[in-house]
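Descriptive analysis of the structure
The lines below spell out each chain.
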Amino acid sequence: MEKVNVAIAGATGAVGESLRLILEQRQFPIDNLSLLASPRSVGRKFEVNGRSITVENLAEFDFSDTQIGLFSAGGSISAIHAPRAAEAGTYVIDNTSHFRYEPHIPLVVPEVNPHQVRTGLSSKIIANPNCSTIQMVVALNQIQKEVGIERINVATYQAVSGAGASAMRELEQQTKDYFDGKEIKTEVAPVQIAFNAIPQINSFDENGYTTEEMKMVWETKKIFEDDSIMVNPTCVRIPVFVGHSEAVHIETKTELTTERARELIAQQDGVELIDEHQPGGYPTAALHGAHSDQVFVGRVRKDISHPRGLNMWVVSDNVRKGAALNSIQIAEHLLTMI
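Rules used in this analysis
Residues numbered from 1 in each chain as written. Predicted model: local features only at pLDDT ≥ 70, side-chain atom pairs only at ≥ 80, totals over all residues. Heavy atoms only, no water. Salt bridge = Lys/Arg side-chain N within 4 Å of Asp/Glu carboxyl O. Helix = DSSP H or I, 4+ residues; strand = E, 2+ residues; numbered from the N terminus. Buried < 20%, exposed > 50% of the residue type's maximum accessible area, 1.4 Å probe, protein only. Axes fitted to C-alpha atoms, helices over the stretch in contact; angles between N-to-C directions. Parallel < 35°, antiparallel > 145°, perpendicular 65-115°, else oblique. Left-handed = near helix turned anticlockwise from the far one by under 90°. Contact = heavy atoms within 4.5 Å. Nonpolar A, V, L, I, M, F, W, Y, C, P; charged D, E, K, R; others polar. Pairing = 2+ DSSP bridges. Arc of directions from axis to C-beta. Phe/Tyr/Trp six-rings, centres within 6.5 Å; stacked < 30°, edge-to-face > 60°.

1. Focus: the pattern of salt bridges
Overall, the coordinates contain 13 salt bridges when judged by the stated rule. Residue glutamate 212 is joined to lysine 215 by a salt bridge in which the shortest nitrogen-to-oxygen separation is 3.8 Å. In this pair, glutamate 212 and lysine 215 both sit in helix α6 (residues 211-224), three residues apart, roughly one turn of the helix. As far as burial versus exposure is concerned, glutamate 212 and lysine 215 are alike and both buried. Measuring nitrogen to oxygen at the nearest pair gives 3.7 Å for the salt bridge that ties aspartate 226 to lysine 253. With a gap of 27 residues between them, aspartate 226 in the loop between α6 and β10 (230-237) and lysine 253 in the loop between β11 (244-252) and α7 (258-267) connect regions that are remote in the sequence. The class for lysine 253 is partly exposed, based on a relative accessible area of 40%. A single salt-bridge network, built from bridges that share partners, covers Glu146, Arg260 and Glu263.

Structure, rendered in structure tokens:
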């Protein structure tokens, strides 16, 4: 495969670090790699594929000789620099929420709607979905294809890494202060996160749902290309460093047996089914999701309160599959087209 020039915008953040690592692990065909960040990070050096690369200023970078841009520097930054890169001829894969709801910009999970990557050839920008949405639609994809999904009730239990490196440091410090008997200080999370569960991720909308919850509603409909699907989410932040967990309850359009549901889930690319009715016979964030490429599914069972209901537990690494890996998988599809 012909090599291309790649730029990572937001190269020094948690997702940027994961992008650097996965590009190397998957032997992405890179000719030249540019690491871009804000002025405060300019001059830092990172080793990728045995080469030392110096971080450059995103605001001053010339994209005219860059074929793929992986953006994970925040929505306001993408709003300015992603269109600039696209105008210079770069195919941008954006990991923020800024472009996700633009009708002409595809929202892609390669295991679910890879055909939408081709739309990105004209838009020059492809949006990466929210991490909690990605793992859910991957787990549900084959069921949606076979019988259709009428309604999704989902409660997410999301790791602090979803709020960035500062949130991870806050959890670590609060945990230390708790055991040392010190005052627990909160700056990143809305309230104490250590030994707690916070039923708020991002700001509240007028309807009482948070922005994070509404992302799951809008993005699920767009990815599945089905506006009729009803999604009812509650998103909770928990004191886990890496790996989101979700209790997913669905109502299918026609009845589906538990056995067939397990077969469909196991057939899905990117999914590993761990579903044994015994202690530890299910996936967890720390032991399965963290640092893995897979989406893990367990606790598949009939909803005893609804004839067409199914329940399942879904776990995945929110930084890896929920952000960096999904972006690179999109880029791999792009390489077959450009």
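2. As for the packing of helix α1 (residues 14-25) against helix α9 (residues 320-335)
When two helices pack together, their arrangement is captured by the angle between the axes and the distance separating the axes. As a packed pair, α1 and α9 sit with axes 9 Å apart at the nearest point and diverge in direction by 50 degrees. It follows that α1 is oblique to α9 by the angle criterion. Crossing handedness for the pair α1 and α9: right-handed. On α9, the residues that touch Val15, Ser18, Leu19, Leu21, Ile22, Leu23 and Gln25 of α1 are Arg320, Ala323, Ala324, Leu325, Ser327 and Ile328. Taken together, the residues that form the contact of α1 with α9 break down as nine nonpolar, three polar and one charged.

3. What to know about the sheet that holds strand β1 (residues 4-9)
Taking strand neighbours across the sheet as the criterion, the six strands line up as β5-β2-β1-β6-β7-β8 in an open arrangement whose pairing is parallel. Every interior strand has two partners, whereas the edge strands, β5 (56-57) and β8 (125-127), have only one. In this sheet, strand β2 (residues 30-37) lies alongside β1 in parallel orientation, the contact comprising six bridges. Residue pairing across strands places isoleucine 8 opposite leucine 35, the latter belonging to β2. Here α1 sits on the sheet and contacts β1, β2 and β6 (68-71); the angle it forms with β1, its principal contact strand, is near 155 degrees.

4. Notes on α7
Taken together, the buried positions of α7 are occupied by Thr258, Ala261, Leu264 and Ile265. Down the axis of α7, the sector holding all buried residues measures 120 degrees, keeping them to one side. Tucked inside the fold, the buried residues of α7 contact α4 (131-146), β12 (271-273), β13 (295-302) and β14 (309-316).

5. Describing the packing of aromatic side chains
Overall, the coordinates contain seven aromatic pairs when judged by the stated rule. With 5.2 Å between their ring centres and 75 degrees between their planes, tyrosine 101 and tryptophan 218 make a pair best called edge-to-face. On the criterion of sequence distance, the pair formed by tyrosine 101 in the loop between β7 (91-94) and α3 (120-123) and tryptophan 218 in helix α6 is long-range, its members being 117 residues apart. Centroid distance tyrosine 178 to phenylalanine 195: 4.5 Å. Interplanar angle 35 degrees. Geometry classified as tilted. Here tyrosine 178 is found in helix α5 (residues 165-179), whereas its partner phenylalanine 195 is found in the loop between α5 and α6, with 17 residues between them in sequence.

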